[in-house]
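Tertiary structure, described
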Amino acid sequence: MGMEQLHGYFVGANEPYFWLGTILILFFIGYKGAPFILWTLLFGAGLVGFGAPEWSLIAFAAIAVIGNIKPIRAILLSSFVMKIMKGILPQISETERTALEAGVVWIEGELFSGKPDFDRIMNESYPNLTPEEQRFLDGPVEDLCKTLDEWDIHRKRELPKEFWDVVKKEKFLGMIIPKEYNGLGFSMLAQSSVLQKLASRSVPACVTVMVPNSLGPAELLNHYGTDAQKKKYLSRLAIGEEIPCFALTEPGAGSDAGAITSSGELFKGDDGKIYIKLNWNKRWITLAAISTIIGLAFKLRDPKNLLGKGEDLGITCALVPAKTPGVVLGMRHDPMGIPFYNCPTQGKDVVVVAEDAIIGGLEGAGKGWGMLMESLGAGRGVSLPAQSAGGIKLAARVTTAHSTIRKQFGVSIGLFEGVEEPLSRICGYNYMMEAMRCFTLGALDGGTKPPVITAIAKHYSTEIGRKVVNDAMDIMGGAGISQGPRNLISGLYMSTPIGITVEGANILTRTLMIFGQGALRAHPYAFKEVETVEKGDLKGFDAAFWGHIGHIVRNVFRSFLLSSSRGMFGYSPVRGRTATYWRRLSWASASFAILTDIAMGSLGGKLKQKEKITGRFADILAWMYISTATLRRWEADGRREEDLPFVHWSLRVAFGEMDRAFDGIFLNLQVPGLTWFFRIVLRSWSSANAFMSRGVSDNLSHRICQDMLNNPEQRDRLTTGLYIPKDPEEQMGRLERAYKIIKTAEVSEKKVRQAMRAKQIPKVKKILEAIDGALEKNIIDKAEYDNLKMAEEVRNDAIQVDAFTQDEYLHHTQNKALKRIS
């Protein structure tokens with residue numbers, strides 16, 4: 001059969017249908033992803049259909065053989081590509097490699113894939129407290145909060161003795177320690193819930209409990225300590241007999257922790273034991289001044305090769321008793337005036353027994369960096385997200401109460417659209433951040449430690465916490481800037497920069513960790529390509545590289561089809577009003593995946609230095625994750641109808657942030673020969689075809705505010721987990737009492753105002769001036785009259801701010817202060 005006959009056989013009189021079918025098949029296998037052999041057959045059929053000359057079919061057959069027979073492909077094609085890649089791929093240092101290999105890839109891998117498995121995501125566990133953990137929150141945590149007076153702590157610059165008594169008695173420093181070592185053995189969710197509640201009461205107290213249960217001696221001993229070390233220290237740490245700190249940061253090594261200069265040198269003593277002589281200069285170490293045991297990160301040298309591992313062993317972690325000669329403690333930093341112990345420490349020729357001191361014994365020498373990366377990879381998802389969630393919930397609780405209580409021009413300020421705008425952001429972010437907190441903790445409690453996801457949780461919870469506290473200050477106005485026991489927001493405001501700075505400063509976390517590491521770690525092929533090139537593994541590189549090519553082709557088709565259809569062909573694991581968001585997440589993931597490959601291919605190793613670009617990629621990845629967590633929360637909570645406005649608000653904000661990040665990438669990404677195409681064509685298309693062109697409407701923000709202002713059950717449920725004192729002499733108790741009484745009296749007040757409009761009673765500005773007439777005219781009854789009087793009394797009390805005499809102000813004398821109210 002000749003070429004013309006073959007062409008007629010394939011096409012014949014049905015040529016339009018042949019080409020339409022070919023195009024549809026091409027899009028289908030491109031969209032779904034297909035093995036190389038299927039592409040080969042399709043293109044072969046296409047050549048025949050076009051009536052291509054025989055020489056081209058022969059050439060194509062040769063290429064097809066090379067492409068589909070892996071050993072031949074590896075030798076003739078992949079080996080050549082591998083040589084080119086050696087000069088393009090980024091060089092990975094040992095510290096970077098350790099960080100990349102710490103933990104595992106979780107949901108971020110799905111989002112990087114361009115084709116996320118939403119069914120898997122929907123089946124990820126959603127955590128719940130055990131009855132024992134809930135009892136601890138309702139009992140000891142509640143009792144601990146009662147010992148705290150934030151203003152008193154601020155003035156006296158220290159936590160009270162009663163606080164420390166409860167902490168030690170109830171083992172607050174041993175939440176992370178297993179029960180077999182006398183600890184509480186709590187889940188990550190329980191630890192987070194305890195910290196969240198403490199954060200709503202006192203930031204210094206929260207930090208003091210947080211740090212020993214995060215990166216520190218207990219965490220490191222749990223996972224890497226010898227049996228002897230665990231038996232010696234863990235029980236004493238749990239009951240507060242030992243107070244730990246962990247010394248990592250130095251003047252020249254902050255976010256770049258691998259640059260530490262603290263040193264240790266092994267030597268053999270006269271008794272035959274191996275010792276370490278340590279020297280260090282650390283700063284910003286929480287609890288250092290009162291610590292009894294110091295966890296220390298340093299670079300260990302073995303000049304005489306006593307361990308048989310060479311001279312430079314690398315970063316090592318050790319435990320040093322604080323009373324060891326040469327240890328210097330006692331000084332304090334002052335972080336934003338927040339009175340928790342944050343201190344420098346030095347060590348001069350400090351000598352300890354190596355086997356006893358090094359975490360993990362002599363086998364742990366040089367393994368400290370891996371220990372730190374794994375521990376930080378988990379801890380970032382617990383501590384600061386919990387503190388931020390507690391602060392955000394507190395802001396939501398306080399501002400909704402204040403917006404109800406505070407009146408201007410005769411009405412509650414919560415009815416003003418200018419107040420509604422920041423209030424809706426506080427309430428919307430509150431729902432969103434709680435979703436991310438719980439979803440992340442579900443992974444951690446399931447044994448998964450995803451460092452990219454926990455970095456997202458740390459960065460975006462603290463950054464959104466900063467936005468929330470700024471909005472809260474705007475709503476509170478003068479009550480927010482007047483310090484004193486009646487001010488529940490100023491402590492949050494002052495402490496916010498601390499969370500943004502510690503555990504990896506947010507600038508570095510966003511630009512280097514989330515996408516810089518994520519692009520290699522979470523990408524389905526990139527890290528495999530780098531590894532195989534470095535090892536010279538041609539077979540492994542061949543599989544990774546051609547798998548990567550198939551990945552790119554699939555995502556080109558998926559991105560084009562999903563963008564053209566506005567996500568219509570994306571997959572949703574659910575039906576109903578959130579299905580559109582799942583489909584658009586498919587669209588965002590495909591666009592993100594292909595754009596990631598373009599950036600990596602065009603910039604190569606230089607991508608690490610393009611931090612403005614990597615930061616925007618990090619934003620897209622993070623907001624995809626936050627969107628996923630929000631949708632997962634709505635399902636886990638049972639699709640509550642009253643929560644749907646919060647879900648809509650969260651997803652519209654998230655997709656709006658993705659649109660903004662994509663726009664910045666299209667505008668600034670340098671692609672050789674194609675920069676103009678990205679800057680003009682793709683950017684214009686993206687702007688006209690945004691994920692969420694409508695954004696958050698005024699009506700939606702109004703609905704959120706009304707839900708939180710007027711539905712006490714909803715307000716309670718969405719701010720659950722806070723410490724709310726019942727004493728009306730405490731400001732939170734005062735606000736809550738006033739809020740409830742005013743809400744109860746609203747119906748009666750409405751009757752009085754309607755009577756004034758109907759001219760049944762004289763029109764006056766203040767409601768108290770009208771209620772006598774309303775009672776006389778039987779517009780309200782005696783009980784309503786009493787409620788209205790009480791409402792105005794508690795309203796007037798709740799809006800007062802603190803004032804001081806000159807002596808009180810100058811000398812910070814808490815015992816005499818605050819007796820007069822302005």
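Residues numbered from 1 in each chain as written. Predicted model: local features only at pLDDT ≥ 70, side-chain atom pairs only at ≥ 80, totals over all residues. Heavy atoms only, no water.

Keep in mind that low pLDDT regions are not for reading the predicted coordinates in detail. Put simply, the protein chain has an average pLDDT of 88, and 89% of its residues get 70 or more. For residues 17-31, every residue scores under 50 in pLDDT, and the model assigns this stretch 29 contacts once sequence neighbours within four places are set aside. In the model, residues 813-822 has pLDDT below 50 throughout and makes 23 contacts with residues more than four positions away in sequence or in other chains. (pLDDT = per-residue confidence, 0-100. Contact = heavy atoms within 4.5 Å.)

With that out of the way, let us pick up the packing of helix α24 (residues 526-535) against helix α25 (residues 538-564). One way to put it is that α24 packs onto α25 with a least axis distance of 9 Å and a crossing angle of 150 degrees. The angle between α24 and α25 falls in the class roughly antiparallel. α24 and α25 meet at a crossing whose hand is left-handed. Side by side, α24 and α25 meet where Lys528, Glu529, Thr532 and Val533 of the first sit next to Gly540, Phe541, Ala544, Phe545 and His548 of the second. When grouped by side-chain class, the residues that make up the contact of α24 with α25 number 4 nonpolar, 3 polar and 2 charged. (Axes fitted to C-alpha atoms, helices over the stretch in contact; angles between N-to-C directions. Helix = DSSP H or I, 4+ residues; strand = E, 2+ residues; numbered from the N terminus. Parallel < 35°, antiparallel > 145°, perpendicular 65-115°, else oblique. Left-handed = near helix turned anticlockwise from the far one by under 90°. Nonpolar A, V, L, I, M, F, W, Y, C, P; charged D, E, K, R; others polar.)

Moving on to the nonpolar core. Counting residues in each nonpolar core, the largest one holds 131 residues, and the members touching the most others are Ile456 and Met658. If we ignore the near neighbours within four places in the chain, the residues touching isoleucine 456 are Met436, Ser461, Ile514, Leu621, Ala622 and Tyr625. Core analysis: the second largest hydrophobic core is formed by 57 residues, Cys145, Ile153, Leu173 and Ile243 among them. (Core = buried A, V, L, I, M, F, W, Y, C linked by side-chain atoms within 4.5 Å. Buried < 20%, exposed > 50% of the residue type's maximum accessible area, 1.4 Å probe, protein only.)

In the contact formed by helix α19 (residues 417-445) and helix α27 (residues 611-636), the axes pass within 8 Å of each other and the chain directions differ by 90 degrees. Classified by the angle between their axes, α19 and α27 sit roughly perpendicular to one another. Within the contact between the two elements, α19 uses Tyr429, Asn430, Tyr431, Met432, Met433, Glu434, Ala435, Met436, Phe439 and Thr440 and α27 uses Trp623, Tyr625, Ile626, Thr628, Ala629, Thr630, Arg632, Arg633 and Trp634. In terms of residue class, the contact of α19 with α27 is made up of 12 nonpolar, 4 polar and 3 charged.

The buried fraction of strand β4 (residues 293-301) is high, at 7 of 9 residues. Examined bridge by bridge, strand β1 (residues 244-247) and β4 share 4 bridges and lie parallel to one another. Pairing of proline 244 across the sheet is with isoleucine 293, part of β4. Relative to β4, strand β2 (residues 263-268) runs parallel, the two sharing 3 bridges. Its bridge partner lying in β4, serine 263 is registered against lysine 299. Here β4 pairs with strand β5 (residues 312-321) via 9 bridges, running antiparallel. The residue bridging arginine 301 from the neighbouring strand is aspartate 312, located in β5. (Pairing = 2+ DSSP bridges.)

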